[in-house]
Amino acid sequence: MLKQIEGSRAVAEAVALCRPEVICAYPISPQTHIVEGLGEMVKSGELKHCEFINVESEFAAMSVAIGASAAGARAYTATASQGLLFMAEAVYNASGLGLPIVMTVANRAVGAPINIWNDHSDALSQRDSGWIQLFAETNQDALDLHILAFKLAEELSLPIMVCMDGFILTHAFERIDMPSQEQVDAYLPPYAPRQVLDPQAPVSIGAMVGPEAFMEVRYLAHAKQMQALDLIPQLTTEFKTQFGRDSGGLTRTYCAEDADTLIVAMGSVLGTIKDVVDEMRTDGHKIGVLGITTFRPFPLAAVQAALRDAKRVVVLEKNLAIGLGGIVSTNVRMALAALSIGMYTVVAGLGGRAITKKSLHALFRKAEKDDIELLSFLDLDQNAVDKQLERERNTRRCGPIAENLLRDAGIVAARNY
Amino acid sequence: MSFQPVKFYQTGTFTVGNRLLAPEERSVQASAHRFNSLTSGHRACQGCGEALGARYAIDAAMEACHGQLIAANATGCLEVFTTPYPETSWQIPWMHSVFGNAAAVATGIAAALKVKGRKEVRVIAQGGDGGTTDIGFGCLSGMFERNDDVLYICYDNGGYMNTGVQRSSATPPAARTATTMAVGPEPGNPFGQGKFVPAIAMAHDIPYVATATVADLHDLEAKVRRAMELHGARYIHIFVPCPLGWGTDSSDTIRIARLAKETGLFPVFEAERGEVTAVLKIRKRTPVEDYLKPQKRFAHLFGEHPRSDTIARIQALADKNILKYGLLAEGG
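What you are looking at is a predicted structure, and each value in this text was computed from that prediction instead of being measured.

I'd like a rundown of the overall build of chain B, residues and numbers included.
In terms of helices and strands, chain B carries 11 helices and 8 strands. What you see for chain B is a C-alpha radius of gyration of 19 Å, in line with the 20 Å of a compact globule of 332 residues. If you line up chain B on its principal axes, its C-alpha atoms span 65 × 50 × 40 Å. Taking all contacts inside chain B whose residues are at least 6 apart in sequence as the whole, residues at least 24 apart take part in 67%.

What follows is the structure in structure tokens.
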């Protein structure tokens, strides 16, 4: 059924169609509308057989989900940014125990300075936590990926983060196609746990493992993610059969076949990139796109196959591995290890900085001429940076960095109104 | 089953031998059909108060719910000594997640059982004082205020014993731990710090809060039974001496626990909906020295330069408890 609704509402309705049994809610922007929507559905009786629990922190949210999942319930929560970091210990625990929890991460920057806007720093900080990570490009993608995620998670007994760009997707009103309950029921069977806390057959879950077996247990987590590389395409095909849409998958290419220059990115910025590529193609540029939907497990073979014939690769990423460069490009580099293809890392859009078509046009045209640095920062105000560096050289006690930069930029909150 | 209808107390202990009690009054542990939820072969130290407390508490809970029990366990001694994989001492479904989230994991288990309509299955969470009063306190308070259907049991041995005897917010004043060293002008744990979580639990107005010691296991079992009759958030705080951390004789665990109660340093009571409903009176009022002296963690108070000033301050804390909770019997 076609609807014009907010991304968060679309995800809430899709999650409800998956018949979650325990939902833990703790407010943090920009995911809040999702759990609010679900809470309303539970309270009104629209979503039956579901416990909606208002917890006291994200750490508790993940912990309640862990308990619920281990007791055999389909568990869901949502978070972002500081919330994801606050629950990090339990995030690792959920995957270590093999509990198929599904969590939305409404991608948001991580402070300090505190910032509520979008980038991928939060989810990517947990890339090695053992969770499968799927990145949505559109709101349709986001809602579809949640349905696929429950099936994939329970098949492998692994938890999954469905990542969608905060505000850009969560708060955008777009047309989406909402499946029916019958369609989702046909696709997603009831949760049949591999391990469950049950007095009829007592087990001990989560006990200590020493050096004798720890490495094998961790390897199995890796091996299960490798299975996901086969399972995700299979479930994507089944998804298309049931719902008639291409959703999920490991990677997606656009105008890539004959491209000399390939842009790699994740999430909603792919839309802007594709628009720029369309315009450049009209002008005869041989440029294309590789979108990564599945970031964990990282689809090395699919990325390599997509990039192998390119002359250069530009990874445009919304995160900064401080002291190194980009997280996504480090991963892409592994896929290109045996190939002699030039690769550029462009860090863009941190903390919600707009990634404009104008900037991308300029960037891609320079990249085509190999006229960019190996690591560059899109639309970075170098003057502002230099000014602060100079201040630090000259004055020992030069005050809070963020305040200085905003003053230099002439932005005083009280004066904006 | 025949029994001797005679009242008889073991000398000095106030404990009635089980075989002298009516069958229905006997300890769950006295029955050959006890559940052995925490069974033998675990790796606790000799004389471990926590192992003793847990065995009695969990079997009493199992008896009360006819074996339909699931436990969430915080990281700590109890977790480590009972479950070095592939061995486990737990004969009940049991789960350990991380240090600070046992209460929240139990909330999740209870929510799953509720949504699945398994009303007969009950949930407990358990941890040491570190996992309860410090790192797990946020999750504990959250579970309390939501009145989730969980019985939380804290085994309080006054410190982080599993990591090598460090201070917690339940470490008593003047006690030596690895992080409150017995040196300087005020050796040991500072006065005026720490918290008494049973009182904080009561402030949440939850259905049931109780304290107990391993010196009175009948009382402990009765409190677990009462807790299991109720639903919602319930809390039992059990005082469990630690021979390793306290520097006491393994054979002295029960005596030390009894002295904690008899001196008034550890008040034993129960409360419903925030109001104290019963207090275990002191049978034979005892000066705090008798409790402190056998413990090496207080040895600096009794050395070459005895600290009668510090001992007097500890006595004042005991006296305050005695007044506050009315621990003396009428005319006692």
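An account of the overall build of chain A is requested, with residue identities and associated values reported.
Assigned secondary structure in chain A consists of 15 helices and 16 strands. Taken over C-alpha atoms, the radius of gyration comes to 22 Å for chain A, in line with the 22 Å a tight globule of 417 residues would show. Considered along the principal axes of its C-alpha atoms, chain A spans approximately 70 × 55 × 55 Å. Considering only contacts in chain A between residues 6 or more positions apart, those separated by 24 or more positions represent 77%.

Can you lay out the interface of chain A and chain B for me, pointing to particular residues and giving the numbers?
Contact with chain A, which involves 35 residues of that partner, is made by 37 residues of chain B. Elements supplying a minimum of two residues to the side of chain A that touches chain B: strand E3 (51-54), helix H3 (58-70), helix H5 (88-96) and strand E9 (204-205) of chain A. It is H3 of chain A that provides the largest number of residues to the side of chain A that touches chain B, a total of 9 residues. Classifying every residue of the side of chain A that touches chain B by side-chain character gives 22 nonpolar, 8 polar and 5 charged.

Got a sec to walk through the nonpolar core? Specific residues and values, please.
Ala-106 and Ile-109 of chain B are the most contacted members of the largest nonpolar core, which has 223 residues in total. Two domains each donate at least three residues to this core, and these are domain 1 (2-243) and domain 2 (251-377) of chain A. Not counting the four nearest positions on each side in its chain, Ala-106 of chain B is found in contact with Gly-67 of chain A together with Ala-72, Val-123, Ile-124, Ala-125, Met-143 and Val-150 of chain B.

Break down the domain arrangement of chain A for me, citing the residues and quoting the values.
In terms of domain boundaries, chain A breaks down into domain 1 (2-243), domain 2 (251-377) and domain 3 (383-416). For domain 2 of chain A and domain 3 of chain A, the distance between their C-alpha centres works out to 32 Å.

A description of helix H11 (residues 308-325) of chain B should follow, citing residues and the corresponding values.
Along an α-helix, residues three or four apart share an orientation, since each turn contains 3.6 residues. Taking 1.5 Å as the rise per residue, H11 of chain B with 18 residues should run 26 Å; its terminal C-alpha atoms sit 25 Å apart, in good agreement. Gly-326 of chain B occupies a position one or two residues after H11 of chain B and carries a positive phi of about 60 degrees.

Any chance you could break down the sheet that holds strand E6 (residues 234-239) of chain B for me, citing the residues and the numbers?
Read from one edge of the open sheet, 9 strands run E9(A)-E2(B)-E1(B)-E3(B)-E4(B)-E6(B)-E5(B)-E7(B)-E8(B), paired in mixed fashion. Two strands bound the open sheet, and with one partner strand each, they are E9 of chain A together with strand E8 (275-279) of chain B. Relative to E6 of chain B, strand E4 (residues 151-156) of chain B runs parallel, the two being bridged by 6 bridges. Counted as the bridge partner of Asp-156 of chain B is Phe-239 of chain B from E6 of chain B.

Tell me what's going on with the sheet that holds strand E4 (residues 75-79) of chain A, and back it up with residues and numbers.
Each strand in a sheet pairs with another by means of backbone hydrogen bonds, the pair being arranged parallel or else antiparallel. Reading across the sheet, the 7 strands line up as E3-E2-E4-E5-E7-E6-E13 (chain A) and stay open at both edges, with mixed pairing between neighbours. Both outer strands of the open sheet, E3 and strand E13 (294-296) of chain A, are each paired with one neighbouring strand and no more. Neighbouring strand axes in the sheet, compared pairwise and without regard to direction, differ in orientation by 20 degrees on average. Relative to the sheet, helix H7 (residues 139-156) of chain A contacts strand E5 (102-107), strand E6 (132-135) and strand E7 (160-165) of chain A, its axis offset from that of E7 of chain A by approximately 170 degrees. Here helix H3 (residues 102-115) of chain B sits on the sheet and contacts strand E2 (22-25) and E3 of chain A; the angle it forms with E3 of chain A, its principal contact strand, is near 155 degrees.

Please set out helix H5 (residues 137-145) of chain B residue by residue, giving values where relevant.
Taken as a whole, H5 of chain B has its buried residues at Cys-139, Leu-140, Gly-142, Met-143 and Phe-144 of chain B. Packing partners of the buried residues in H5 of chain B comprise H3 of chain A together with H3, helix H4 (129-134), E4 and helix H6 (197-202) of chain B. Following H5 of chain B by one or two positions, Asn-147 of chain B adopts a phi angle in the positive range, close to 55 degrees.

Definitions and cut-offs
Residues numbered from 1 in each chain as written. Chains lettered and ligands numbered in written order. Predicted model: local features only at pLDDT ≥ 70, side-chain atom pairs only at ≥ 80, totals over all residues. Helix = DSSP H or I, 4+ residues; strand = E, 2+ residues; numbered from the N terminus. Rg over C-alpha atoms; globule rule 2.2 N^0.38 Å. Contact = placed C-beta atoms within 7 Å. Nonpolar A, V, L, I, M, F, W, Y, C, P; charged D, E, K, R; others polar. Core = buried A, V, L, I, M, F, W, Y, C linked by C-beta atoms within 7 Å. Buried ≥ 20, exposed ≤ 12 C-beta atoms within 10 Å, placed from the backbone. Domains from an automatic or database assignment. Expected span 1.5 Å × (residues − 1). Pairing = 2+ DSSP bridges. Axes fitted to C-alpha atoms, helices over the stretch in contact; angles between N-to-C directions.

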